[in-house]
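# Residue-level structure breakdown
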Amino acid sequence: MKIICDWENCKETGSYKAPVEKDNSKKYRLLCLNHIKIFNKNWNYFENMNDQEIEFFIKSDLTWHKSTKTFGSSDNFFNILWNNALDDKLNIFKSSNFRDFKKTKISQQDKDALQVMELNDEAKWEQIHFKFKELVKKYHPDKNQGSKKFEEKLKKITLAYSHLKKTLGKK
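Residues numbered from 1 in each chain as written. Predicted model: local features only at pLDDT ≥ 70, side-chain atom pairs only at ≥ 80, totals over all residues. Heavy atoms only, no water.

### Digging into the overall build of the protein chain
For the record, the criterion: A run of H or I in DSSP becomes a helix once it reaches four residues, and a run of E becomes a strand once it reaches two; helices and strands are each numbered from the N terminus. Exposure categories follow from relative accessible area, calculated using a 1.4 Å probe and restricted to protein chains: below 20% of the type maximum is buried, above 50% is exposed, and the middle band is partly exposed. Contacts are residue-level and defined by heavy atoms, with any inter-residue pair within 4.5 Å sufficient. Accessibility throughout is a Shrake-Rupley quantity obtained with a 1.4 Å probe, and a residue counts as covered only by protein chains that appear here.
A count of helices and strands for the protein chain gives 7 helices and 2 strands. Secondary structure elements of the protein chain, listed N to C terminal, follow the sequence β-β-α-α-α-α-α-α-α. Every one of the 171 residues in the protein chain was classed for burial, and the buried ones make up 29%. Pairs at least 24 residues apart make up 46% of the contacts formed inside the protein chain by residues separated by at least 6 positions. A total of about 12700 Å² of accessible surface is found on the protein chain, and carbon and sulfur atoms cover 52% of it.

Below you can see the structure in the form of structure tokens.
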């Protein structure tokens, strides 16, 4: 079955898709090679947009038109995690368990968590807590152009910190 070009009065085969609307919908029409060239030459996505709309589109395009949140926004995942990390719900700082932390042997999981946080086995809780803050600032995606590599690193650091926090709360 031969599909005819959708250009007025054209009898050529329509093999090339041309969008019907600018809303990224799946609607398109089929044009022949000559007419798709004319269509593409005259296509202006920003036609009928003012300067502010064009600027907004370009800025939004940097994040694939998905909303982003600043590190300080209240509903940002890392901000929620950060606030929970700073909240001493386990009374680690007040407990005798904290003072006795270094007197006990630490597990392999604790050692692994300390290694992820770039610390040695001799690290005290204050160092762990300080290092966590430092690493969050260093590896946060907003500070690294949204790099997935840094986001994954930060997830590992957060899990390691959460593990150490739980471990310290139990001892």
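### Focus on the nonpolar core
Operational definition: Working definition of a nonpolar core: buried Ala, Val, Leu, Ile, Met, Phe, Trp, Tyr and Cys residues. They are joined through side-chain atoms within 4.5 Å.
Grouped together as the largest cluster of nonpolar side chains are 16 residues, with contacts concentrated most on L114, M117, I128, F132, I157, Y161 and L164. Ranked by residue count, the leading element in this core is helix α6 (residues 125-139), at 6 residues. Not counting residues up to four positions away in its chain, the partners in contact with I128 are L114, M117, L119, A123, Y161 and L164. Among the nonpolar cores identified, the runner-up in size contains 7 residues, and C5, L31, C32 and I36 belong to it.

### Considering the packing of aromatic side chains
What counts is decided by this rule: A pair of Phe, Tyr and Trp rings is counted when the ring centres sit within 6.5 Å of each other, with Trp represented by its six-membered ring. The angle between the planes then sorts it: under 30 degrees is stacked, over 60 is edge-to-face, the rest tilted. Criterion for a charge above a ring: Arg CZ or Lys NZ at most 6 Å from the ring centre, at most 35 degrees from the ring normal.
Applying the stated criterion to the full structure yields 6 aromatic pairs. Between Y45 and F46 the ring centres are 5.6 Å apart and the planes differ by 80°, which places this aromatic pair in the edge-to-face class. One Lys or Arg, K17, reaches over the ring of Y28 and ends 4.4 Å from the middle of that ring.

### Quick notes on the pattern of salt bridges
Counted only if it meets this: By definition, a salt bridge exists where a carboxyl oxygen of Asp or Glu is found within 4 Å of a side-chain nitrogen of Lys or Arg.
A full pass over the atoms with the stated rule returns 6 salt bridges. Here K131 ties to E118 by a salt bridge, and the two come within 3.7 Å at their closest N and O atoms. Here K131, found in helix α6, pairs with E118, found in the loop between α5 (108-116) and α6; they are 13 residues apart in sequence, far enough to count as distant. By relative accessible area, which is 15% here, K131 ends up buried. Note that E134 is salt-bridged to K131, the shortest N-O span being 3.2 Å. Here E134 and its partner K131 are both found in helix α6, 3 residues apart, which amounts to about one turn of the helix.

### Describing unusual backbone geometry
In this structure, N9 takes a positive phi of about 65° despite not being glycine. With respect to the helices and strands, the residue N9 is situated in the segment before β1 (16-19). Relative accessible area serves as the criterion here: at 72%, N9 is assigned to the exposed category. In this model, E118 sits at a positive phi of 65°, which is unusual for a non-glycine residue.

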